[in-house]
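As a plain string of letters, each chain reads:
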Amino acid sequence: MKRLLYILPIVFLLFSCKENDGDIDSVEDRIKKAINDLTGELTTPSNGWKVLYQPTSTSGSFLMILNFNEEGEVRIRTDVAANDGEFLDQTINYRIDNSLRLELIFETYGIFHYLFELDQTTFGAEFEFYYEEKADDNLVFTSKTDGGGFPTVLTFEPASANDINLLSSEISSNLDKFRGLSPQIFGAVPPIQQIYLANNNTSFFWSIDLDKRMVEADFAGIGTS
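Residues numbered from 1 in each chain as written. Predicted model: local features only at pLDDT ≥ 70, side-chain atom pairs only at ≥ 80, totals over all residues. Heavy atoms only, no water.

Some words on the confidence of the model for the chain
A residue-level look at the chain finds 63% of positions with pLDDT of 70 or above and a mean pLDDT of 78. Every residue in residues 1-19 is under pLDDT 50, and counting partners more than four places away or in other chains gives 0 contacts. (pLDDT = per-residue confidence, 0-100. Contact = heavy atoms within 4.5 Å.)

Right under this line is the structure:
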């Protein structure tokens, strides 16, 4: 009789576990739900997302407006005038995946890939990002393969209808003309510009790296009359 009393709780426990297991979604279902949830978040804002992307702590920033749809396409508008304006307004494919973590991947060639290829892919830009969290109305991502243990953080902010006016496309296109001033024998070396301050009889020399959005002052000299 005592044996029967010992066995009954064990049988009851086994049946309870089996019943509870039926209430738990499979791994595949949970992954599918996470992907669908993030797709829903990305496609919700009517004006898309405003992103200020700074690939490295020493580079400039790139303002982008991203509009995602449920068919796996994203329209990206920037003020990067490189490649004859290819990245000013471009629609490419994206994918949400889950290997170890939920990921946002820009699949076809676009602005993120262009930045990734700079300096023979050593610049520090990325086109694959981990999804971290939703913070208020923003979505937070981090770069997937940044070295040094300090991944770049991207914050997607819901864009307003007027945010598109923040893109300085005309200025960027005019600055891009500086590329033609560099002698071909020097390859991609940014041309050096000179500003002459007549009142002070001073020359100021500077160069601008349009791809990395960095300005470097080489030296300033006092001219002789």
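Observations regarding the sheet that holds strand 3 (residues 73-78)
Spatially, 8 strands are ordered 1-2-3-4-5-6-7-8 in a closed barrel, and the strand pairing comes out antiparallel. Taking each pair of neighbouring strands and ignoring which way they run, the sheet shows an average axis angle of 35 degrees. Of the strand pairs in this sheet, strand 2 (residues 62-68) and strand 3 are connected by 5 bridges, and their pairing is antiparallel. Counted as the bridge partner of I65 is R77 from strand 3. Those strands touched by helix 2 (residues 27-43) are strand 1 (49-53), strand 2, strand 4 (89-98), strand 5 (102-106), strand 6 (128-135), strand 7 (138-143) and strand 8 (153-158), and its axis lies near 155 degrees from that of strand 4. (Pairing = 2+ DSSP bridges. Helix = DSSP H or I, 4+ residues; strand = E, 2+ residues; numbered from the N terminus. Axes fitted to C-alpha atoms, helices over the stretch in contact; angles between N-to-C directions.)

Side note on helix 2
Between its first and last C-alpha, helix 2 extends 24 Å over 17 residues, near the 24 Å set by a 1.5 Å rise per residue. Buried within helix 2 are the following residues: L38, T39, L42 and T43. All buried residues of helix 2 lie within an arc of 130 degrees about the axis, which places them on one face of the element. (Expected span 1.5 Å × (residues − 1). Buried < 20%, exposed > 50% of the residue type's maximum accessible area, 1.4 Å probe, protein only. Arc of directions from axis to C-beta.)

Let's talk about unusual backbone geometry
Here D84, not a glycine, exhibits a phi torsion of approximately 55 degrees, which is positive. Structurally, D84 is set in helix 3 (residues 82-85).

Examining the pairing of strand 7
Within strand 7, 5 of the 6 residues are buried, leaving the element largely enclosed by the surrounding structure. Direction of pairing for strand 6 relative to strand 7: antiparallel, over a ladder of 6 bridges. Of the residues in strand 7, the one forming a bridge with E133 is V140. Count of turn residues in the strand 6/strand 7 antiparallel hairpin: 2 residues, of which D136 carries a positive phi of about 60 degrees. The pairing of strand 7 with strand 8 spans 4 bridges and is classified as antiparallel. Pairing of F141 across the sheet is with L154, part of strand 8.

Thoughts on the pairing of strand 2
Most of strand 2 sits inside the fold, with 6 of its 7 residues counted as buried. Where strand 1 and strand 2 come together, 5 bridges link them in antiparallel fashion. Bridge pairing links W49 to L66 in strand 2. Linkage of strand 2 to strand 3, two consecutive antiparallel strands, is achieved through a turn of 4 residues, within which G72 is found at a positive phi near 85 degrees.

Remarks on the environment of T108
Within the secondary structure, T108 sits in the loop between strand 5 and helix 4 (111-116). When the C-alpha positions of T108 and T91 are compared, they lie 9.2 Å apart, and in sequence the two are 17 residues distant. When residues no more than four places from it in sequence are discounted, the contact partners of T108 are I92, N93 and H113.

A short note on the environment of I96
Looking at the element boundaries, I96 is found in strand 4. Those residues in contact with I96 that lie beyond four places of it in its chain are I35, L38, T39, L42, L102, E103 and L104.

So, the pattern of salt bridges
Scanning all chains against the criterion turns up 8 salt bridges. In this structure, the salt-bridge partner of K33 is D37, at a minimum N-O distance of 2.8 Å. Pair noted here: K33 and D37 are both in helix 2, with a separation of 4 residues, about one helical turn. Between D97 and R95 there is a salt bridge, with the nearest N and O atoms lying 3.4 Å from each other. Residue D97 is classed as partly exposed on the basis of its relative accessible area of 29%. A single salt-bridge network, built from bridges that share partners, covers R95, D97 and E107. (Salt bridge = Lys/Arg side-chain N within 4 Å of Asp/Glu carboxyl O.)

Some points on the packing of aromatic side chains
Scanning the model with the defined rule gives 14 aromatic pairs in all. Geometrically, the ring pair formed by F68 and F106 is tilted, given 6.4 Å between the ring centres and 40 degrees between the ring planes. Note that F68 is positioned in strand 2 and F106 in strand 5, a separation of 38 residues in sequence. For the pair F68 and F106, a shared accessibility class is recorded, and that class is buried. Ring geometry for F116 and F127: centres 5.1 Å apart, planes at 90 degrees, overall edge-to-face. (Phe/Tyr/Trp six-rings, centres within 6.5 Å; stacked < 30°, edge-to-face > 60°.)

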